[in-house]
Amino acid sequence: MESYFAIGFIGALIALAFAQSRRVAVMSCSEGNERMQKIASAIRDGANAYLKQQYSTVARIFVVVFFVLLAMAFGTGGSMLSRFTPFAFLSGGIFSMLAGYIGMKISTQANSRTANAASENLNRGLRVAFASGSVMGFTVVGLGMLDISVWFFLLRFVFGIADPLELGNIMVMNGMGASFMALFARVGGGIYTKAADVGADLVGKVEVGIPEDDPRNPATIADNVGDNVGDVAGMGADLYESYVGSILATFALGPLAGYGYQGMLLPVALAVTGILCSVLGTFLVKTEENTDQKALLSSLRKGTYSAAVLAALLAAPLTWFLLGNMGVYVSILCGLLGGTLIGYFTEYYTSDTYKPTQELSASSQSGTGPLIIGGISLGLKSTMSSILIVAAAVIISFISAGGYQSYNQGLYGIGIAAVGMLSTLGITLATDAYGPVADNAGGIAEMSGLPEEVRERTDALDSLGNTTAATGKGFAIGSASLTALALLVSYVSIADAKLAAAGKAAMNLSLTNPGVLVGLFIGAMLTFVFASYTMSAVQTSAQHIVAEVRRQFKEIQGIMEGTADPDYATCVSICTKGALHEMIVPALLAVIVPIVTGLLLGCEGVVGLLGGVSVTGFAMAVFMSNAGGAWDNAKKYIEKGNFGGKGSESHKAAVVGDTVGDPFKDTSGPSLNILIKLCSTISIVFSGLIVAANLTNFFM
């Protein structure tokens, strides 16, 4: 049975080969005229410089230090689980970083090519941008399958670990490195992109009254760089972590459920099937020239829904062959259907095709205040659908997998539902990653003076990209909630085993246990404090950009007339330094708080913390992502000529709303799902230290 895990290598090869074919297709397109190539080169240089500094900082200060600490703490222990922890951490981080880097490289090559393609027709622009997104999507799933497969074969056949339970628990460690790197990439990139975006909008569009991406705006290059380092590199690392985390969490649950290696093989086989279905789905994405947002959404849905339906059909024989339990197949369907429904309701609340965003746009006629209140209300209300969908998926998955007969089998059903939700991530992420490329294409079209119809086409693609980006975040957040539950079970299993080995009683997980209750409060608090730090980081960095842009407009004569060039490099430098400095504290919170909680409150306190951060983090992430997406598309809806159009009072109010929503949807919101899973994996890794502290009996 173990030899069947080689299908992971086959899936990785298919995904990476397809990504390469899409890269070749993108690179074969023309970059456009000399002005377009010059702007694209400046964006590319800025993105490369930022990522080089970010990866260098993270590698020197955190990864190396953390690797050494893990090696010192665990490298000399007798446990195989401990011995491999530092290396699993390192490989997970490297692959996560690589996924984001490759995505960023292709997006900075595709932006000018998309703008040039859009000068021909809308469908050409969509195909080039979507091909670029496909490189990101299939690189993430390909690298994920490669990482998992390499680790499995090393552990099983090189190091001779035959016990599937021990092997599964070691594999979970790999997720910590991926989560660690993803958090830095998402938070740092999110701070960069939103600081530049907020600064450019507040001064350029509101104070000076020039269009978005106007070359006279000193922050416009930094804004376009930010789209790549935040919405592409950060998102790639984020969804790589979600994808790998869901598979590895189910790896650990398979042996607990009594399925052995078959239970570990099913998520791998399901992921490979999803890769094949996603490849087929990409060929269905196309549109006509004269179309609207609804038709563009339908075009992308055709690809994603077709892939999901095909994956659902193929999952049935896979489940029967490996487990002979079709109740687990129902769990997989719950994940697929749940992910699709989360995507639909995310579109409903964030797309200007539907009433919520249209009504939000209308509220701008009464001023900025009502628009802000309306966006917060919309975001809060949108949590209901996502939470109810996930709740239903958890209950149905648990019952259908046999939870009433075997508790662990029910938990396995929940884990495999998360894998089902992300099984077609290749195409789902492609629809997400194409958005920043379209956004950059619009900026290049504006700055290089292309005809107005080109900007109209790129704006249509960009508006659609805001909705698909929100959908991608919905998938990541929804799967995070299911994966977090699976990781929580893994933590309880590992901690109880270590307590037993140390001669201590099993955990008392009753809500009446003060340790559990206080842990719940700390987990809820961590969500809000983490969001506060990331929002504050954007505010601080944006203030520096606002001051610099105002200075340049005041001191550099001829900017407004177009006779003098702004100093773009200074704004890029400010964003880079600000992002690298401000990302440190939020990232450290995710690492330190679970360990300190465990040392003070024992294993039970950690269980409470994980429960608190999972529930509040999920709700907060949905609220922030959907509110921000709705504010952004409300602005674009007005820019189409509704409620006064560009330059009107409604438009100015909407720009402020979009400014508030930027850190909601691109910094704090999407970082929370990484926080949830990083807390879980940190807790698992340091469970031995927490047990050894012997403070767990304090509340028993």
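Calculation criteria
Residues numbered from 1 in each chain as written. Predicted model: local features only at pLDDT ≥ 70, side-chain atom pairs only at ≥ 80, totals over all residues. Heavy atoms only, no water. UniProt positions renumbered as here; feature names shortened; annotations may be inferred. Helix = DSSP H or I, 4+ residues; strand = E, 2+ residues; numbered from the N terminus. Buried < 20%, exposed > 50% of the residue type's maximum accessible area, 1.4 Å probe, protein only. Axes fitted to C-alpha atoms, helices over the stretch in contact; angles between N-to-C directions. Parallel < 35°, antiparallel > 145°, perpendicular 65-115°, else oblique. Left-handed = near helix turned anticlockwise from the far one by under 90°. Contact = heavy atoms within 4.5 Å. Nonpolar A, V, L, I, M, F, W, Y, C, P; charged D, E, K, R; others polar. Expected span 1.5 Å × (residues − 1). Bend = angle between axes of the 7 residues up to and from the residue. Salt bridge = Lys/Arg side-chain N within 4 Å of Asp/Glu carboxyl O. Phe/Tyr/Trp six-rings, centres within 6.5 Å; stacked < 30°, edge-to-face > 60°. Lys NZ or Arg CZ within 6 Å of the ring centre and 35° of its normal.

Asks: Sorry if this is basic, but what is going on with the UniProt feature "site: Determinant of potassium dependence" (unreviewed entry) in the protein chain here?
Replies: In the numbering used here, UniProt assigns the feature "site: Determinant of potassium dependence" (unreviewed entry) to Ala-469. Along the chain, Ala-469 falls in helix α14 (residues 452–501). Judged by its relative accessible area of 15%, Ala-469 is buried.

Asks: Which parts of the structure should I look at to understand the packing of helix α6 (residues 220–256) against helix α7 (residues 260–282)?
Replies: What describes two packed helices is the angle between their axes and the distance between those same axes. In contact at an axis separation of 6 Å, α6 and α7 are set at 155 degrees when each is read in the N-to-C sense. Comparing their axes, α7 and α6 come out roughly antiparallel. With respect to the hand of their crossing, α6 and α7 are arranged in right-handed fashion. Along its contact with α6, which presents Tyr-243, Ile-247, Thr-250, Phe-251, Gly-254 and Pro-255, the element α7 presents Gly-260, Gly-263, Met-264, Pro-267, Val-268, Ala-271 and Ile-275. Taken together, the residues that form the contact of α6 with α7 break down as nine nonpolar, four polar and no charged.

Asks: It is not clear to me how α6 should be interpreted in this structure. Could you clarify?
Replies: Along its 37 residues, α6 runs 53 Å from first to last C-alpha, staying within 8% of the 54 Å computed at 1.5 Å per residue. Met-235 marks where α6 bends most, by close to 30 degrees. Counting buried positions along α6 gives 36 out of 37 residues, so the element sits mostly inside the fold. Two residues or fewer past α6, Gly-258 is found with a positive phi of approximately 85 degrees.

Asks: Looking at this structure, I do not really get the pattern of salt bridges. What am I missing?
Replies: Any two side chains of opposite charge can pair, given that their charged atoms come close. Counted under the stated rule, the structure contains 24 salt bridges. Across the pair Lys-640 and Asp-352 runs a salt bridge, and its minimum N-O distance is 2.9 Å. Residue Lys-640 is located in the loop between α17 (584–639) and α18 (649–685), and its partner Asp-352 is located in the loop between α9 (326–350) and α10 (355–362); the two are separated by 288 residues in the primary sequence. Shared partners join several salt bridges into a network, and the residues in it are Lys-194, Asp-197, Asp-632, Lys-635, Lys-636, Asp-658, Asp-662, Lys-665 and Asp-666.

Asks: When you look at the packing of aromatic side chains in this model, what are you seeing that I'm missing?
Replies: For any pair of aromatic rings, the description rests on two quantities: the centre-to-centre distance and the angle between the ring planes. For the structure shown, the criterion picks out 21 aromatic pairs. When the ring of Phe-5 is compared with that of Phe-251, the centres are 6.1 Å apart and the planes differ by 75 degrees; the resulting orientation is edge-to-face. Of the two residues, Phe-5 sits in the segment before α1 (7–27) while Phe-251 sits in helix α6, which places them 246 residues apart along the sequence. By relative accessible area, Phe-5 is classed as buried at 2%. Residue Phe-251 is classed as buried on the basis of its relative accessible area, which comes to 0%. Linked through ring pairs, Phe-5, Phe-9, Phe-152, Phe-153, Phe-157, Phe-251 and Tyr-261 together constitute an aromatic cluster. Its end group placed over the ring of Phe-157, Arg-156 keeps NZ or CZ at 5.4 Å from the ring centre.

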